[in-house]
Amino acid sequence: MSVQNAMTADFLRSAYGGESMAHMRYLIWADMADKESMPNIGRLFRAIAYAEQAHATNHFKALKDQVGDSTVTAGAVFGAGKTVDNLQGAIDGELHEVEQMYPVYLNAARFQNEKDAERAFHFALEAEKIHARLFKEAQDAAKQGKDMELGTVYVCPICGYTVKDNLPDACPVCSAKKEMFKQFTA
Ligand code: FE2
Ligand code: FE2
Ligand code: FE2
């Protein structure tokens, strides 16, 4: 199924842009956390960067028939400071997606009966809720000048669902089998 409605196509392009930038930004901030001797926070950034790649991929593929150039306007977060501040940027970006962007995009896709977009936006919305919480945990440690406690982080390659320590048998969001999850181990 291709995307039929211009509004949903615009939202997919914008979400693709936002996820692509989040992916890159988290890799940059991961290296910065490593340099501040916070390798677990660095690893959390890398795991979540991978989840954002999954989201960008879903949005891109939902636009498969929308061939051609576009100028994309997308939410961006800038700042390359201390890890504690970078984490605030991460929290703000995730909360924007959870509270405003994805609920609006998801409702538009439902209203326009765009099934691929609905799936892609639903997957992202569920993962961003978890990301906001994990970044808050990381920031609580960083505020005390410490690295966070972090076991293995697992990320679903289909929907970006992110979980630490205990991997469920199947993804609770998209039902992918646990063998498919990508592991980020210390
Ligand atoms: Fe995302
Ligand atoms: Fe996220
Ligand atoms: Fe999943």
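Quantities reported herein were computed from a predicted structural model and do not represent experimental measurements.

Enquirer: Just to check I follow, could you spell out the coordination of the iron ion (ligand 3) for this structure?
Expert: Six octahedrally arranged donors around a metal ideally form angles of 90 or 180 degrees; four tetrahedrally arranged donors ideally form angles of 109.5 degrees. Only Cys156 (SG), Cys159 (SG), Cys171 (SG) and Cys174 (SG) from the protein reach the iron ion (ligand 3) as donors, at distances of 2.3 Å. Given 4 donor atoms and angles of 99 to 118 degrees at the metal, the environment of the iron ion (ligand 3) is assigned as tetrahedral. One chain supplies every donor to the iron ion (ligand 3), and in sequence these donors are spaced C-x2-C-x11-C-x2-C. A residue pair is termed long-range when its members are at least 10 positions apart, and Cys156 in the loop between β1 (153-155) and β2 (162-164) and Cys174 in the loop between β2 and β3 (182-184) qualify at 18 residues. Neither residue differs from the other here; Cys156 and Cys174 are each classed as buried.

Enquirer: Is there a simple way to think about the environment of Glu149 in this case?
Expert: With respect to the helices and strands, Glu149 occurs in the loop between α4 (115-143) and β1. The class for Glu149 is exposed, based on a relative accessible area of 73%. Put simply, Glu149 and Ile41 are 108 residues apart on the chain and 8.7 Å apart in space, counted from C-alpha to C-alpha.

Enquirer: How should I be thinking about helix α2 (residues 39-62) in this particular structure?
Expert: Residues spaced three or four apart along an α-helix point in a common direction, a consequence of the helix completing one turn every 3.6 residues. If you check α2, its first and last C-alpha atoms are 35 Å apart, about what 24 residues at 1.5 Å a residue would give, namely 34 Å. The element α2 is largely enclosed, with a buried count of 18 among its 24 residues.

Enquirer: Where do I start with the packing of aromatic side chains in this structure?
Expert: Each aromatic ring pair is described using two quantities: the centre-to-centre distance and the angle formed by the ring planes. Going through the model one piece at a time under the given rule, you end up with 11 aromatic pairs. Here the aromatic rings of Tyr26 and Phe45 are separated by 5.8 Å at their centres, their planes lie at 35 degrees, and the arrangement is tilted. Of the two residues, Tyr26 is situated in helix α1 (residues 6-35) and Phe45 in helix α2; the sequence distance between them amounts to 19 residues. A relative accessible area of 0% places Phe45 in the buried class. Positioned above the aromatic ring of Tyr50, the side-chain terminus of Lys182 is 5.3 Å from the ring centre.

About the criteria used
- Residues numbered from 1 in each chain as written.
- Chains lettered and ligands numbered in written order.
- Predicted model: local features only at pLDDT ≥ 70, side-chain atom pairs only at ≥ 80, totals over all residues.
- Heavy atoms only, no water.
- Donors = N, O, S within 2.8 Å, 3.2 Å for Na, K, Ca; no water.
- Tetrahedral: all angles 85-135°; square planar, octahedral: opposite > 155°, others 65-115°.
- Helix = DSSP H or I, 4+ residues; strand = E, 2+ residues; numbered from the N terminus.
- Buried < 20%, exposed > 50% of the residue type's maximum accessible area, 1.4 Å probe, protein only.
- Expected span 1.5 Å × (residues − 1).
- Phe/Tyr/Trp six-rings, centres within 6.5 Å; stacked < 30°, edge-to-face > 60°.
- Lys NZ or Arg CZ within 6 Å of the ring centre and 35° of its normal.

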